Amino acid sequence: MRAAMASSLPESQIAPAAGGVQARGIEKRLGNIEVLRGVNLDVAAGEILAILGSSGSGKSTFLRCVNLLTLPDQGDIWVHGEHLRLRPVSEDDSAPRILDHDQVRRVRASIGMVFQSFNLWPHMTALENVSAGPVLVNRLTRKAAAELGRRYLAKVGLSDKAGSYPRHLSGGQQQRVAIARALAMEPKLLLFDEPTSALDPELVGEVLRVMTALAGEGRTMMIVTHEVAFAREVSSRAAFMHQGRIEEEGSSREFFSNPASPGLRRFLAAHDERHS
Amino acid sequence: MDGFVLQFVEGLKTTVLLALISGALGMVVGLLAAAAKLSRFAPLRVVVGAYTTIVRGVPELLIILLIYFGGTVAISSFFGRYVEINAFSAGVLALTIVFGAYTAEIFRGAVLSISRGQIEAARSLGLHPWQTWLLIILPLMMRIALPALGNQWFSLIKETSLISIVGLTDIMRVAAVGAGSMRAPLTFYLAASALYLFLTSLALVVFNLLERHFAVRGH
Amino acid sequence: MDVELLLTSTMTLASGIPLTLILALASLVIGLVLSVPLAFLRASGNRWVSLPVLAYTYVFRGTPLLVQLFIIYYGLGQIDFIRSSVLWHVLRDPFWCSLLAFSLNSAAYTTEVFRGGILAVPPGMIDAAQAIGMTPLQQKRKIILPIAFRGILPSYVNEVIALLKASSLASTVTLLEITGLSRKLVSETFAPYEIFIAAGILYLGLTSVFTSGFRMLETRWLNAPPKQAAPDGIAVKRVAHGS
Ligand SMILES: Nc1ncnc2c1ncn2[C@@H]1O[C@H](COP(=O)(O)OP(=O)(O)OP(=O)(O)O)[C@@H](O)[C@H]1O
Ligand SMILES: [Mg+2]
């Protein structure tokens, strides 16, 4: 029943909404694990969606499906109303699954992604990290890109670190550079995959402050995080993922103050305990 | 052409013998040199350090030439007439010196990577220092050194070909003679390559087996 | 030992340094240029792409450089097709033959070293490049290659030293670089000790200049505090077939 919904809906070629992201029936198998088992999730333009869930529930995998760093086996994704053209996986063939590489690059360029482990390029300074994308992908001149880069480094409070290499920055600073790198592409959507999980506790605050400021700008964001208090504060909607499915989803107010599913209740209780 | 098959077999024997003897001697030299480098006696460390640095910074061919022609001069002056040193002995000496210098570094690195804890555990069993060396450090070290040692043997097999330059009738020399007399250099040198490739592949297989063997036992 | 002879022959042999350097450095550069695309092919997950490259590196690393040089210098002339082509002008010249042999040999080693470096690039670096919308070529040029090259720099020194030393084989095809000159000089004077030792001193000088040069490059490039230097200059010989 799920499979039928995933790939053969006739209306699947029609964008369900104009902006944001719509994911329908996303399935992904990694090795022997069915990591995603039919995920349906929407983010409207201007909305901030928090995704919670226990470790291994498939949050990262789902987020990576949105910009096709990971190719879903089944299902459909619309980004900013554009249907991503993929061939669903089938038995015994190794033909390319991406049907339109230009589309994929265009869509990726319009989505900023911030990783748990920062993933700054070690051979580039902070400024070079931030302006590489504008030069290489958006074809800005070096000068314009550097100017843009400085602006976004200033935005995350790191003007004085433009010439520093990643290894000379603290974790919090590296993550802020990574955020600036994503912003410099002037994306329509930001994806955050546990951006503070790799940080020492005393460095979490500076990154969350930057993200809170971004949330106040009316940006579209999907944030995977274990910081329940932060999620409750900035998100407009929230989803709880469990064993490769969305177990509960709703407006933030309902979601956090009145959780319906036992799984989410347990999850929130465990996290509240930790913070009180 | 048939005659050359036999000559190639002889050449192969010479190459293998040369590699085995100088490899074995070279490992002994390497072990001693590694021990010297780890000793507390500074002058010894300096002398052996100079040996490994010099040998590893100079072409193998040059060392071979020096030993072959230098050896000839030395022996000639000893006998008072021109005596040419035997190419095989010169080859063994030269390759032993080279192999010793490289394996010394490998063994030294391997010893240094053995943790203090393992050595102290051995001591606490009441073993003598020399027993600790023989029963604990040496086997552990060999296991750690195995991959790098394999690479070194691999290089040694190829380096034996340089001895043909001072006249040793090894694979390479047989090929050169055949190439000249049969006017078919490509054929003969390709045949030589095949033989060397066979030998290096054999070394690869042997060392992979050794590594696997010790990896299993090392659990 | 005749110290004066040692000194004069050092001066004489020094005139072979340029040829030694040209042979070593030119084949280093050619080998490097060839090895970059080969290493990407070799690191490819597709067997049909990586296996032919493996065959090349396996054969060139599994046979003596001397044989490779002789095949090119003496052997290729046996093929009529080559003898009658324009290539023959190049392939009968000992300099070009040496350069070709050293370059192909060096490319084989460097390819394997680079492959290791490419595979060691953290996947997150590539994720970030993809996520920003870089093309595969941009990812390789701007991200993977620079990171891989910095990673292999310490072992690349070994390749430079190995090539400097390997260039001595050019003396077997009549070239008068340092070793060739010294062999000529020995046959004229029959003073092998002084002359070969003088040649050794020159090589030792060259290898230590290159080793320390690379150390400096490493510390500057990798932008790290100077590493604890190995007890003596040159690290383990270049690696043979990876396991
Ligand atoms: N490349 C892979 N091969 C096999 N299994 C994988 C791979 N990547 C992830 N998995 C498995 O997929 C499952 C979901 O992984 P995912 O990283 O999406 O979880 P997550 O919800 O982000 O967890 P966390 O909170 O720990 O980041 C896990 O069980 C993981 O072990
Ligand atoms: Mg995750």
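Note that this is a predicted model, so its numbers are computed, not measured.

Enquirer: Explain the nonpolar core here, please?
Expert: Side chains of nonpolar character tend, in soluble globular proteins, to be buried together. In this structure, Ile-51, Phe-62, Trp-121 and Met-222 of chain A are the most contacted members of the largest nonpolar core, which totals 165 residues. The leading source of residues in this core is helix H9 (residues 136-166) of chain C, at 14 residues. Both domains that meet at this core, namely domain 1 (1-16 + 176-227) and domain 2 (22-166) of chain C, each give it at least three residues. With near-sequence residues (within four places) excluded, Phe-62 of chain A lies in contact with Ala-23, Ile-26, Leu-36, Val-39, Leu-41, Ile-51, Met-222 and Met-241 of chain A. Residues Val-114, Leu-183, Ile-223 and Val-234 of chain A belong to the second largest nonpolar core, which totals 36 residues.

Enquirer: Mind showing me how you'd approach the packing of helix H7 (residues 94-119) of chain C against H9 of chain C here?
Expert: Between two packed helices, both the angle of their axes relative to each other and the distance between the axes serve to describe the pair. Residues and elements named next belong to chain C. Viewed as axis vectors pointing N to C, H7 and H9 meet at an angle of 150°, and their least axial separation amounts to 9 Å. Where H7 crosses over H9, the two elements pack in a sense that is right-handed. Between H7 and H9, the residues in contact are Phe-102, Ser-106, Tyr-109, Thr-110, Val-113, Phe-114, Gly-117 and Ile-118 and Ile-144, Leu-145, Ala-148, Phe-149, Ile-152, Ser-155, Tyr-156, Glu-159, Leu-163 and Ala-166, respectively. Grouping the amino acids of the contact of H7 with H9 by side-chain chemistry returns 13 nonpolar, four polar and one charged.

Enquirer: Sorry if this is basic, but what is going on with the interface of chain C and chain A here?
Expert: Where interface size is quoted, it is often the accessible area lost as the parts come together. Between chain C and chain A, the residue contacts involve 20 residues of the former and 24 residues of the latter. At the boundary of chain C and chain A, one finds one salt bridge. The shortest N-O distance in the salt bridge between Asp-127 of chain C and Arg-64 of chain A comes to 2.9 Å. At the surface where chain C touches chain A, the tally comes to five residue pairs in polar contact (both at pLDDT 80 or more). Counting only elements with at least two residues in the side of chain C that touches chain A, the list comes to helix H8 (123-131) and H9 of chain C. Among the residues making up the side of chain C that touches chain A, the classes are represented as 11 nonpolar, six polar and three charged.

Enquirer: Just to check I follow, could you spell out the sheet that holds strand S2 (residues 33-43) of chain A for this structure?
Expert: Picture the strands of a sheet paired through backbone hydrogen bonds; they go either parallel or antiparallel. Residues and elements named next belong to chain A. The sheet built from four strands is open, its strands ordered S2-S1-S4-S5 with antiparallel pairing. Each edge of the sheet is formed by a strand with only one pairing partner; in this case those strands are S2 and strand S5 (82-83). In this sheet, S2 lies alongside strand S1 (residues 21-30) in antiparallel orientation, the contact comprising eight bridges. By the bridge assignment, Val-21 is partnered in S2 with Val-43.

Calculation criteria
Residues numbered from 1 in each chain as written. Chains lettered and ligands numbered in written order. Predicted model: local features only at pLDDT ≥ 70, side-chain atom pairs only at ≥ 80, totals over all residues. Heavy atoms only, no water. Core = buried A, V, L, I, M, F, W, Y, C linked by side-chain atoms within 4.5 Å. Buried < 20%, exposed > 50% of the residue type's maximum accessible area, 1.4 Å probe, protein only. Helix = DSSP H or I, 4+ residues; strand = E, 2+ residues; numbered from the N terminus. Domains from an automatic or database assignment. Contact = heavy atoms within 4.5 Å. Axes fitted to C-alpha atoms, helices over the stretch in contact; angles between N-to-C directions. Left-handed = near helix turned anticlockwise from the far one by under 90°. Nonpolar A, V, L, I, M, F, W, Y, C, P; charged D, E, K, R; others polar. Salt bridge = Lys/Arg side-chain N within 4 Å of Asp/Glu carboxyl O. Polar contact = N/O pair within 3.5 Å; in protein donor to acceptor, adjacent residues only side chain to side chain. Pairing = 2+ DSSP bridges.

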